[in-house]
Amino acid sequence: MTQDEPPSIELEQLLAEGQQWFVPDCSHTISIMEQLYPRALAAGCHDLAGKALLLWAHSLWALSAGSEAHRILDLAQELADKHHQPEILARADNIRAELHLSAGEYQAALKNWGQCLRQAIPLGLRDLYVSACLGFGNVFVAHGQHAEALAWHEMALDFAETAGDHDQHANALLHICADLNKLGQFATTLQLSHKAEQIIRQSSHTAWLGDWLGYRGHAHFGLGQQEEAEYWLQQAHAINIQTNYRWSQSLTLLALGKVLLASGKMQAAREHLEQALTLISSFGSKPLLEQAHQLLAELFERQGEYGQALLHHRAYHELALAEARQLASTRLGSTLERRMKDVDIRLQLLHTRHENTVLRLNNSRRAQEVETLAHQASHDPLTGILNRRKLDQELERWVEQSQQDGRELSLLMLDLDHFKSINDRFGHAMGDEVLRLVGRMLQHSSRNDDVIARYGGEEFCVLLPGADLHTAQLVAERIRLRIQQTDWAALHAELQVTTSIGIATLTGDDDACTLQKRADTALYRAKQAGRNRVESLDD
């Protein structure tokens, strides 16, 4: 044993002690890191010094001390640049992205997670793949795009499972539960909530169990089960108080206030909502303040206290307007969207790659594997047709090519009518089989150049190069009739499936986005007109 080892071992023990306190008491973690960092520097243990700074900054983030956390991260990045520590740089970018996200600085958050991934991928830091996927998803959550958020969070779950990281597995499940609630998939949330509860209970973050039970309460409320909702939210609140996580406690207090308000328990609702407002004001989350003022305005209005209701209405509208302006100024522009698509495909390839065996493949087998991975990254696993990511790429390509060549191009958007009731009545396995069969029908009905894709959920797209409006209408009507006239009773005696279809034909003013929006508007018209029909805006 060298003379340097004893202090190094002691410093590693200090780091481990700080990590143990990170969840229950971040303030104590910070005090330990304040001791560890200068001692590690003095001992020449630069890796330990960098880790101390990262844990210090992460603890400050948990305590909503963003400015100080950025300062500590500056120190960590200076140290990492000086001593060539790429892992410290990657982890610092991840924490900085979290800070930007918390502050509503979405483009800065995306930039940092992009830098984080560029450094993490060569190093094989799979836990950072998970963190970045969760982060990208959370940016979509902030913009109200919950289906896109769910796709990123599911990718994070896949990475967490393959990495064998129990805490990250639990964290990804929490995000997915939140997404499902936002999408109104309350029954699915409850199924997942009970099925995966043991994973959450085994994580090192006690506070996460409170979040988990809170999402269960949200789901019960979404299903109109107010007593069950109140019970589980009270359980969540008890854990929130025990762990002293202000964010989680605020969310639960808001949810409890909403449930109690719906149940007519006005005094209890007022107590919970006013407590939530005080707590949220201590760390200044504008989205949560907006929710608190909105619920309090409703409560006071129902109680006839119109002066108080007006005050909260004004506060709510000021915050909502500020949030709308911020989202407008930080919306995902086309350049950032393309960047995220590139990152998405790259992560899809990483997810399906078995790196240990790739090293032993000969050139022929390696080429075959790359082809397989590319297929998996661009195709929907359930139906076997193209996925939305690949559709977006193909749509941009065909729009540009058709406008250059002066060629016709039409887009069909299909939505299976009342598909939720199929899942609810016959089960999700039956719903999956319906989606698979519709995917096959579309493939069998297509020409060589046609692009068939699953857009998401029960929606499909058919891109028809060379097709004018009349041709597109004929194709759409043929698809509609084929789906309607299929012998669905072979799957279940009472099963019936129909589809609504919207058509848009390319004009000189269109880009890929506007063509898709017009097809979606036509689809909405078809659904409003009674479903099981074809509509176009270009008639």
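Residues numbered from 1 in each chain as written. Predicted model: local features only at pLDDT ≥ 70, side-chain atom pairs only at ≥ 80, totals over all residues. Heavy atoms only, no water.

Looking at the overall build of the protein chain
Filter applied, for reference: Numbering of helices and strands starts at the N terminus; helices are DSSP runs of H or I of at least 4 residues and strands are runs of E of at least 2. Think of it in three bands: with a 1.4 Å probe and only protein chains considered, a residue is buried below 20% of the maximum accessible area for its type, exposed above 50%, and partly exposed in between. In this analysis, two residues are considered to be in contact whenever any of their non-hydrogen atoms come within 4.5 Å of each other. For accessible areas, the Shrake-Rupley method is used with a probe of radius 1.4 Å. Any residue's cover is judged against the shown protein chains and nothing else.
Tallying secondary structure elements over the protein chain gives 25 helices and 5 strands in all. The proportion of buried residues among the 539 residues of the protein chain is 47%. Within the protein chain, counting contacts between residues at least 6 apart in sequence, those at least 24 apart form 63% of the total. Entry remark: accessible area of the protein chain is about 26100 Å², with carbon and sulfur atoms responsible for 49%.

Quick notes on the packing of aromatic side chains
Applied cut-off: Planes of paired rings set the category: under 30 degrees apart is stacked, over 60 is edge-to-face and the rest tilted, where pairs are Phe, Tyr or Trp rings (Trp by its six-membered ring) whose centres lie within 6.5 Å. Whether a charge sits over a ring depends on NZ of Lys or CZ of Arg being within 6 Å of the ring centre and within 35 degrees of the ring normal.
Under the definition given, this model contains 5 aromatic pairs. Ring geometry for W113 against F136: centres 6.5 Å apart, planes inclined by 55 degrees, an arrangement best described as tilted. Of the two residues, W113 is situated in helix α6 (residues 106-123) and F136 in helix α7 (residues 126-142); the sequence distance between them amounts to 23 residues. Both residues of the pair, W113 and F136, count as buried. Consider the rings of Y129 and F159, whose centres lie 5.3 Å apart with planes at 70 degrees: the pair is edge-to-face. Remark: F159 occurs in helix α8 (residues 146-163) and Y129 occurs in helix α7; sequence separation between them is 30 residues. The pair Y129 / F159 is uniform in exposure class, with both members buried. By the ring-pair criterion, three or more aromatic residues cluster together here, those being W113, F136 and W152. It is R216 that lies over the ring of W232; its NZ or CZ is 4.5 Å from the centre.

Some thoughts on the nonpolar core
Put simply, the rule is: The set of buried Ala, Val, Leu, Ile, Met, Phe, Trp, Tyr and Cys residues whose side-chain atoms join them within 4.5 Å is what this entry labels a nonpolar core.
In this structure, W113, F136, L173, L192, I200 and W212 are the most contacted members of the largest nonpolar core, which totals 46 residues. For this core, the elements supplying multiple residues, two or more each, are α5 (86-102), α6, α7, α8, α9 (166-182), α12 (206-222) and α13 (226-243). The leading source of residues in this core is α7, at 9 residues. Residues A40, L54, I72 and A92 belong to the second largest nonpolar core, which totals 32 residues.

Here's the deal with helix α23 (residues 428-444)
The cut-off we apply is this: A helix is expected to span 1.5 Å for every residue after the first.
The end-to-end C-alpha distance of α23 is 24 Å, a good match for the 24 Å that 17 residues give at a rise of 1.5 Å each. Taken together, the buried positions of α23 are occupied by M430, G431, V434, L435, V438, G439, M441 and L442. Here the buried face of α23 lies against β1 (409-416), α22 (419-426), β2 (451-456), β3 (459-465) and α24 (469-485).

Observations concerning the side chain of E394
Within the secondary structure, E394 is located in helix α21 (residues 388-405). For E394, a relative accessible area of 13% gives the class buried. Those residues in contact with E394 that sit more than four places away from it in its chain are L386, V451 and L463.

Examining unusual backbone geometry
Phi is positive for H418, which is not a glycine, with a value near 50 degrees. Note on H418: relative accessible area 52%, which makes it exposed. For R531, which is not glycine, the phi dihedral falls at a positive 70 degrees. Relative to the helices and strands, R531 resides in the loop between α25 (512-528) and β5 (534-536).

Points about the side chain of S402
With respect to the helices, strands and loops of the structure, S402 is situated in helix α21. Those residues in contact with S402 that sit more than four places away from it in its chain are R407, E408, L409 and L506.

Things to note about the packing of α8 against α9
Heads up, the rule is: Fitted lines through C-alpha atoms give the axes, limited to the stretch in contact for helices. The angle between two N-to-C directions lies from 0 to 180 degrees. Oblique is the label for any angle not under 35 degrees, not over 145, and not in the 65 to 115 range, which are roughly parallel, roughly antiparallel and roughly perpendicular in turn. Crossings are sorted by hand: turned counterclockwise from the far helix by less than a right angle, the near helix makes the crossing left-handed, and turned clockwise it makes it right-handed. As a working rule, the residues Ala, Val, Leu, Ile, Met, Phe, Trp, Tyr, Cys and Pro are called nonpolar, Asp, Glu, Lys and Arg charged, and the rest polar, with Gly in that last group.
Direction vectors running N to C along α8 and α9 enclose 160 degrees, while the axes themselves pass 9 Å from each other. One element, α8, and the other, α9, form an angle in the roughly antiparallel class. Considering the relative orientation of α8 and α9, their crossing is left-handed. Within the contact between the two elements, α8 uses H146, A149, L150, H153, E154, A156, L157, A160 and E161 and α9 uses Q168, H169, A172, L173, H175, I176, D179, L180 and K182. Counted by class, the contact of α8 with α9 contains 9 nonpolar, 5 polar and 4 charged residues.

Brief notes about the sheet that holds β2
So the rule is basically this: Two strands are counted as paired when DSSP detects at least two bridges linking them.
Strands sit in the order β2-β3-β1-β4-β5 across an open sheet of 5 strands; the sheet is mixed. Among the strands making up the open sheet, the edge pair consists of β2 and β5. In this sheet, neighbouring strand axes are inclined to one another by 20 degrees on average, regardless of whether the strands run parallel or antiparallel. Taken together, the 7 bridges between β1 and β3 define a ladder with antiparallel strand orientation. In the strand pairing of β3, L414 is matched with F460. Strands β1, β2 and β3 of the sheet are contacted by α21, whose axis makes an angle of about 130 degrees with β2. Against the sheet, α23 contacts β1, β2 and β3, and its axis sits at roughly 5 degrees relative to β3.

Brief notes about α13
The first and last C-alpha atoms of α13 sit 26 Å apart over 18 residues, in line with the 26 Å expected at 1.5 Å per residue. Looking at α13, one finds that the buried residues are A229, E230, L233, A236, H237, I239, N240 and T243. N244 occupies a position one or two residues after α13 and carries a positive phi of about 60 degrees.

Overview of the packing of helix α14 (residues 246-262) against helix α16 (residues 286-302)
In the contact formed by α14 and α16, the axes pass within 11 Å of each other and the chain directions differ by 25 degrees. Put simply, α14 runs roughly parallel to α16. Crossing handedness for the pair α14 and α16: left-handed. Residues W247, S250, L251, L254, K258 and L261 of α14 form the contact with α16, whose own contacting residues are L288, Q291, A292, L295, E298, L299 and R302.

Side note on the pairing of β1
When you tally the buried positions in β1, you get 8 out of 8 residues, the bulk of the element. Covered by surrounding structure in β1 are L409, L411, M413 and D415 together with S410, L412, L414 and L416, the residues of both alternating faces. In terms of strand pairing, β1 meets strand β4 (residues 499-505) through 7 bridges, oriented antiparallel. For L412, the partnering residue across the bridge sits in β4 and is I503.

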